[in-house]
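Observations on the three-dimensional arrangement
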Amino acid sequence: MLSLDFARFFLVFLIYSAIGYVSEVIYCSIPAKRLVNRGFLYGPICPVYGFGGVLVMTVLDPFAETWIPLFLLAMVLTSAVEYLTSWILEKLFNTKWWDYSHYKLNIKGRVCLLNSFLFGIMGMVAAHFVNPFILRFVKSFSDQVVRYAAMILGFVLAADVLVTVHKLVNFNTYLAKMQEFTETLKEHFEAEEWFVAEKFKNMEEMFEAVRQRSKDRQSHISQALLARIESYTERRNSIEHWLKRFPTMTSTKYASQIEHLKTRLESFKKLGH
């Protein structure tokens, strides 16, 4: 593995990222009884698995011929990668994209023993069975073919990352503006008898109450306010796909906004949408 040139090394990273994506989709789709699209990127890869795979194959190369030591070290190393990824994403977007708090023996909901055990198994299987095949595959092509393939796939990956980051920023901005807007509604109508913020189960009920009140000719609800409500409602569909990918997502900063979206998606599931 360490003797590979950069282009082949990059292709190995992409292959493990694709294997990780397929594994995630299968692992999450079976209990959900529906196809669950996993991963941040739009392409069929999960880079965290790519990093985990190449780290196991390089850092743990001295243990590649062992079984138990390789399993334990792979479990620790890949769990550290998952923990660090979760921490970085939470700091960047104020959101914990996956939460294992409901599992026993977890560390701050970022990693859990069950997944760490599975990662250890995957690392052991990869080292003994998958990696030799992948190495033979990437070495079977000429240097020129490998360079062109790596260059093209690199541009595609870079474009995917840029689009995804843009979408993630929009997601975070949407949650922030939703939080600000709901607070504005509470401050604006808190003195009126018909508006009791505590009685609303979610933001949708709050929005609907304002819409209904606007139909009363004696009310003084501006069209601009109604337009903002409709704007947030229309944009919501483009935001909810993140929750479909990461249903255990949590946030301390935007907890009510995320719970509202989760409740709405759950009601849609019950209706068979």
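Relevant structure appears above.
Residue numbers here run from 1 along each chain, matching the order of that chain's written sequence. Since the coordinates come from a predicted model, pLDDT governs what is reported: local features require at least 70, and pairs of side-chain atoms require 80 or more to be given and counted, while whole-chain, interface and lining totals use all residues. Where side-chain values are given, they derive from all heavy atoms of the structure, hydrogens and water being excluded.

1. Some words on the layout of surface pockets
It is a probe the size of a water molecule, rolled over the atoms, that shows where empty space is left. Grid points spaced at 1 Å over the protein atoms alone were grouped into cavities, where a 1.4 Å probe fits but cannot get out, and pockets, open sets with protein on both sides within 12 Å along at least five of seven lines, with lining residues defined by an atom within 4 Å of a point. Grid points are joined across faces, edges and corners, and a volume is the space filled by probe spheres set on the points. Space inside the largest pocket adds up to approximately 980 Å³. As for the largest pocket, its lining consists of 40 residues, of which Cys46, Pro47, Val48, Tyr49 and Thr85 are closest to the centre. Helix numbers and strand numbers start at the N terminus; a helix is a DSSP run of H or I with at least 4 residues, a strand a run of E with at least 2. Breaking the lining of the largest pocket down by element, the ones donating at least two residues are α1 (6-32), α2 (47-59), α3 (68-93), α4 (113-139) and α5 (143-189). Here the lining of the largest pocket takes nine residues from α3, the largest share from any one element. Think of it as three bins: nonpolar holds Ala, Val, Leu, Ile, Met, Phe, Trp, Tyr, Cys and Pro, charged holds Asp, Glu, Lys and Arg, and polar takes everything else, Gly as well. The class makeup of the residues in the lining of the largest pocket is 29 nonpolar, eight polar and three charged. Estimates place the volume of the second largest pocket at around 830 Å³. What lines the second largest pocket is a set of 30 residues, among which Cys28, Val36, Arg38, Arg245 and Pro247 lie closest to the centre.

2. A word on unusual backbone geometry
Even without a glycine there, the phi angle at Asn94 is positive, about 55°. Relative to the helices and strands, Asn94 is located in the loop between α3 and β1 (106-107). If you check the backbone angles, Lys108 has positive phi at about 55° while not being a glycine. Its place among the elements puts Lys108 in the loop between β1 and β2 (111-112).

3. Examining the packing of aromatic side chains
Here the distance between the centres and the angle between the planes together describe a pair of aromatic rings. Stacked, tilted and edge-to-face are the three classes assigned to paired rings of Phe, Tyr and Trp, where Trp is represented by its six-membered ring and a pair needs centres within 6.5 Å; plane angles under 30 degrees give stacked, over 60 edge-to-face, the rest tilted. For the coordinates displayed, the defined rule picks out 19 aromatic pairs. Summarising the aromatic geometry, the rings of Tyr49 and Phe119 are spaced 6.0 Å apart at their centres and angled 80° between planes, so their arrangement reads as edge-to-face. Of this pair, Tyr49 sits in helix α2 while Phe119 is found in helix α4, placing the two residues 70 residues apart along the sequence. Accessibility assignment for this pair places Tyr49 and Phe119 in one class, buried. Only protein chains enter the accessibility calculation, which uses a 1.4 Å probe. A residue is then buried if its area is under 20% of the maximum for its type, exposed if over 50%, and partly exposed in between.

4. Comments concerning α1
By this rule the span expected of a helix is its residue count minus one, scaled by 1.5 Å. Its 27 residues place the ends of α1 39 Å apart at the C-alpha level, agreeing with the 39 Å of an ideal helix rising 1.5 Å per residue. Note on α1: the residue one or two positions beyond its end, Lys33, has a positive phi of about 60°.

5. Observations concerning the environment of Lys108
The class of Lys108 is exposed, set by a relative accessible area of 59%. Separated by 14 residues in the primary sequence, Lys108 and Met122 place their C-alpha atoms 23 Å from one another. Once residues within four sequence positions are removed from consideration, Lys108 is found in contact with Tyr83 and Lys96. Here, two residues are considered to be in contact whenever any of their heavy atoms come within 4.5 Å of each other.

6. Details of the packing of α1 against α2
Convention adopted: a line fitted to C-alpha atoms gives each axis, helices being fitted over their contacting stretch, and angles between N-to-C directions are expressed from 0 to 180 degrees. Remark: α1 packs on α2, axes separated minimally by 7 Å, with the N-to-C direction vectors making an angle of 125°. The angle between α1 and α2 falls in the class oblique. Crossing of α1 against α2: the hand is right-handed. Residues Phe9, Val12, Phe13, Tyr16, Ser17, Gly20 and Glu24 of α1 lie in contact with α2, whose contacting residues are Pro47, Tyr49, Gly50, Phe51, Gly53, Val54, Met57 and Thr58. Within the contact of α1 with α2, the residues separate by chemical class into nine nonpolar, five polar and one charged. Oblique is the label for every angle not falling under 35 degrees (roughly parallel), over 145 degrees (roughly antiparallel), or within 65 to 115 degrees (roughly perpendicular). Whether a crossing is left-handed or right-handed is set by the direction in which the near helix is turned from the far one by less than a right angle, anticlockwise for left-handed and clockwise for right-handed.

7. Considerations on a nonpolar patch on the surface
Like-charged residues within 9 Å of one another, or nonpolar side chains (Val, Leu, Ile, Met, Phe, Trp, Tyr) within 5 Å, are grouped into patches, provided each residue has over 30% relative accessible area and no salt bridge. For the area figures, the Shrake-Rupley method with a 1.4 Å probe applies, and any residue is considered shielded solely by the protein chains shown. Only one rule defines a salt bridge in this text: a Lys or Arg side-chain nitrogen within 4 Å of an Asp or Glu carboxyl oxygen. Together, Trp67, Ile68, Leu72, Phe117, Ile121, Val125 and Phe129 make up an exposed nonpolar region whose accessible area comes to about 670 Å². Mapped by element, the contributors of at least two residues to the nonpolar patch are α3 and α4. The dominant element in the nonpolar patch, judged by the number of residues it contributes, is α4, at four residues. Tracing the chain through its elements places Ile68 in helix α3.

8. As for α2
The first and last C-alpha atoms of α2 sit 18 Å apart over 13 residues, in line with the 18 Å expected at 1.5 Å per residue. Along α2, the residues classified as buried are Tyr49, Gly50, Gly52, Gly53, Val54, Val56, Met57 and Thr58.

9. What about the state of the cysteines?
Only a pair of cysteine sulfur atoms within 2.5 Å counts as a disulfide in this structure description. Enumeration according to the criterion identifies zero disulfides in this entry. In this structure Cys46 is not part of a disulfide, and its nearest cysteine sulfur, from Cys28, lies 9.1 Å away. The cysteine Cys112 is free of any disulfide, with Cys28 supplying the nearest cysteine sulfur at 12 Å. Residue classification places Cys112 among the buried positions, given a relative accessible area of 2%.

Nothing here speaks to function; it is geometry throughout.
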